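Overview (structure and organization)
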Amino acid sequence: MTPSMQNAKKQSSPQKPAGKPRLLTGDRTTGRLHLGHYVGSLQARVQLQNDYSEIILLADVQALTTHFQQPELIRQSIYDVALDNLAAGLDPQRVLFAQQSRIGPIAELTVFYSMLVTVNTLRHNPTIKTEAAQYGYQDMTYGFLGYPVSQAADITFCSAQAVPVGEDQLPHLELCRKLVRRFADLYGPVLTEPQPLLSACPRLKGLDGGGKMGKSLGNAVYLSDPPTLVEEKIRRAVTDPHRITAREPGDPAVCVVSQYHQIFNAEEYEEICSACRNGCIGCVACKNRLTRRINALLEPMRERRAYYEAHLDVVRELIDLGSRQACHMGEETVRRVRDAMQVAL
């Protein structure tokens, strides 16, 4: 058991040193998290927890926008997502875990903000259009179309000063910033305008090479996968389709395994690429080396996850206390918003 695990058992309420700027991030609770999440956000969260007061939002309401017919999945995923964040190395003494559906002020702010944005603005949001195409939505629900407004409430309820985002999420954050400025123009400077922390990490492709790694695409290595399953999945990963034998020269540029080596095995990447181009390493050997690297990365995560799985009472308490603290933050924000809008208290 690590010291942070022992501390979590003794004291579930996070200690947030004064003076640190507040950062809001989180995950939709639609299943366990995978290597794409680790590369795109979790790794940065672990690094940023030293410099920011972090809130990790377990976004179960936002999960309903695409998975409203699977409430049992969303409920289980609240714990799975929390476990994966803890397994990745987030310290429960430094970060606050909050369940979105338990923070009433978010819902109230969503209603207020919905008066300040037009339907056309939401329809032309590039992220909305991309995700609607991904899910095959011909006719979007009100909740799906308006979830960027809910995200603005997620960010502003706690006066978050920073939000880590990838380029695909920038339109959502910019909408939030515009809402904050619009509110200030109408009612006064009540809300905090968040600043983006743009991720420099490349988007991780799926094992099938067809696009990004995704929960619903069957092309992911999950942080909780056991070693044998990681080996099995990487064995099926797409390589150079024109390479028939190990002695033939290969093209790393069209090989997913090569791209994974670049991210997870940077020190050997150039040597592996050179060996591939010269027919000195076969795809099986290349995949075996990648498997060892990824399993070495995941092993401490598996250990931490196993601890928290055996102490789910600790995880429940973290979420319970974090949600209550988040509610208090949100109630103060709503009080200021109501006062500025002259809405009856």
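In this text the structure is predicted, and so the values were computed from the model without any measurement.

**So, the overall build of the chain**
- Within the chain one finds 15 helices and 5 strands.
- The globule rule puts the C-alpha radius of gyration for 345 residues at 20 Å, and the 22 Å found for the chain is close to it.
- Here the contacts in the chain between residues at least 6 apart in sequence split such that 78% fall between residues at least 24 apart.
- Accessible area for the chain stands at about 16400 Å²; split by element, carbon and sulfur atoms hold 52% of it.
- In the chain, the 39 positive side-chain charges and the 37 negative ones have mean positions that sit 0 Å from each other.

**So, the pattern of salt bridges**
- Here the structure, examined in full by the defined rule, presents 23 salt bridges.
- Between D80 and R32 there is a salt bridge, with its nearest N and O atoms 3.5 Å apart. Within this pair, whereas D80 is found in helix α4 (residues 71-88), its partner R32 is found in the loop between β1 (22-28) and α2 (35-48), the two being separated by 48 residues in sequence.
- In this structure D80 comes out as buried when scored by relative accessible area, which is 7%.
- With a relative accessible area of 33%, R32 lands in the partly exposed category.
- Residues R289 and E268 are paired through a salt bridge, measuring 3.5 Å at the closest nitrogen-oxygen approach. Taken as a pair, R289 in helix α14 (residues 283-310) and E268 in helix α13 (residues 266-277) lie far apart in primary sequence, 21 residues in all.
- Taking the relative accessible area as the measure of exposure, E268 reaches 24% and is therefore partly exposed.
- The network of salt bridges with shared partners includes R32, D80, D84, R305 and E309.

**Things to note about the packing of aromatic side chains**
- For the structure shown, the criterion picks out 6 aromatic pairs.
- With centroids separated by 5.6 Å and ring planes inclined at 20 degrees, the aromatic side chains of Y135 and Y137 adopt a geometry described as stacked.
- Given the relative accessible area of 28%, Y135 is considered partly exposed.
- Here Y137 falls in the partly exposed class, since its relative accessible area comes to 25%.

**A short note on the confidence of the model for the chain**
- Looking at the chain as a whole, its pLDDT mean stands at 90, while 94% of the residues score no less than 70.
- Of all secondary-structure elements in the chain, the lowest mean pLDDT belongs to helix α1 (residues 3-10), at 51, while strand β3 (residues 95-99) reaches the highest, 98.
- In the model, residues 9-17 has pLDDT below 50 throughout and makes 25 contacts with residues more than four positions away in sequence or in other chains.

**Let's talk about the environment of V230**
- Residue placement: V230 occurs in helix α11 (residues 227-235).
- In this structure, the C-alpha to C-alpha distance between V230 and T65, residues 165 residues apart in sequence, is 31 Å.

**Comments concerning the pairing of strand β5 (residues 195-198)**
- Both strand β4 (residues 162-165) and β5 contribute to a ladder of 4 bridges, which runs parallel. Looking at the pairing, V165 lines up with L198 of β5.
- After leaving β4, the chain enters helix α10 (residues 170-187) and then returns to the sheet as β5, a path that is right-handed.

**Considering the nonpolar core**
- Residues L35, L223, Y260, I294 and L298 are the most contacted members of the largest nonpolar core, which totals 47 residues.
- Leaving out residues up to four positions away in the same chain, Y260 has contacts with L204, K205, G206, L207, M213, N265, L290 and I294.
- Counting 42 residues, the second-largest nonpolar core is a separate cluster that includes L57, A152, C158 and V334.

**Some points on the packing of helix α9 (residues 147-156) against α10**
- Two elements in contact, α9 and α10, have axes separated by 9 Å at closest approach and are oriented at 70 degrees. Taken as axis vectors, α9 and α10 run roughly perpendicular relative to one another. Between α9 and α10 lies a crossing of right-handed hand. Touching Y147, P148, V149, Q151, A152, I155 and T156 of α9 are H172, L173, L175, C176, L179 and V180, all from α10.
- Grouping the amino acids of the contact of α9 with α10 by side-chain chemistry returns 10 nonpolar, 3 polar and no charged.

**With respect to a nonpolar patch on the surface**
- Nonpolar side chains collect at one region of the surface, where V61, L64 and F68 lie side by side and expose about 250 Å² of accessible area between them.
- Relative to the elements of secondary structure, F68 occurs in the loop between α3 (60-67) and α4.

**Thoughts on the pairing of strand β2 (residues 53-59)**
- For β2, a buried count of 7 out of 7 residues is recorded, marking the element as mostly surrounded by other parts of the structure.
- Burial along β2 is two-sided: S53, I55, L57 and A59 and E54, I56 and L58, pointing in opposite directions, are all buried.
- Relative to β2, β1 runs parallel, the two sharing 7 bridges. Of the residues in β2, the one forming a bridge with R28 is A59.
- The parallel pair β1 and β2 is bridged by α2, and the resulting crossover is right-handed.
- Sheet topology note: the β2/β3 ladder contains 5 bridges and is parallel. The partner of I56 across the bridge, within β3, is F97.

Reading the values: rules and limits
- The numbering scheme is per chain: residues are counted from 1 as the chain's sequence reads.
- Confidence filtering applies because this is a predicted model: local features only for residues at pLDDT of at least 70, side-chain atom pairs given and counted only at 80 or more, and all residues used for totals across whole chains, interfaces and linings.
- Hydrogens and water molecules were not included; the side-chain quantities draw on all heavy atoms of the structure.
- Here a strand is any run of E in DSSP of at least two residues, a helix any run of H or I of at least four, and the numbering for each starts at the N terminus.
- For a compact globule the rule gives 2.2 Å times the number of residues to the power 0.38, and the radius of gyration it is set against comes from C-alpha atoms.
- Note on definitions: a residue-residue contact is assigned when non-hydrogen atoms from the two residues lie within 4.5 Å.
- Throughout, the Shrake-Rupley method with a 1.4 Å probe supplies accessible areas, and for residues the shown protein chains are the sole cover considered.
- Positive: Lys, Arg. Negative: Asp, Glu. His and the chain ends are not part of the count.
- To locate a charge, take NZ of a lysine, CZ of an arginine, CG of an aspartate or CD of a glutamate.
- Criterion for a salt bridge: a side-chain nitrogen of Lys or Arg within 4 Å of a carboxyl oxygen of Asp or Glu.
- Remark: exposure states derive from per-residue accessible area (1.4 Å probe, protein chains only) relative to the maximum for the residue type, with buried under 20%, exposed over 50%, and partly exposed in between.
- Pairing of aromatic side chains here covers Phe, Tyr and the six-membered ring of Trp, requires ring centres within 6.5 Å, and sorts the geometry by plane angle: under 30 degrees stacked, over 60 edge-to-face, intermediate tilted.
- On a range of 0 to 100, pLDDT expresses the predictor's confidence in each residue.
- Two strands are said to pair when DSSP picks up at least two bridges between them.
- Looking down the strands as they point away from the viewer, one classifies a crossover as right-handed if the path from the first strand across the helix to the second runs clockwise.
- Residues enter a nonpolar core if they are buried and are Ala, Val, Leu, Ile, Met, Phe, Trp, Tyr or Cys, with the set joined through side-chain atoms within 4.5 Å.
- The axes are straight lines fitted to the C-alpha atoms, using for helices just the contacting stretch, and the angles between their N-to-C directions are given from 0 to 180°.
- Each angle is binned into one of four classes, with values under 35 degrees roughly parallel, values over 145 roughly antiparallel, values of 65 to 115 roughly perpendicular, and all other values oblique.
- Crossing handedness follows the turn of the near helix against the far one: under a right angle anticlockwise gives a left-handed crossing, and clockwise gives a right-handed one.
- Residue polarity is assigned by list, with Asp, Glu, Lys and Arg as charged and Ala, Val, Leu, Ile, Met, Phe, Trp, Tyr, Cys and Pro as nonpolar; anything else, Gly included, falls into the polar class.
- Patches here: salt-bridge-free residues with over 30% relative accessible area, like charges joined within 9 Å, nonpolar side chains (Val, Leu, Ile, Met, Phe, Trp, Tyr) joined within 5 Å.

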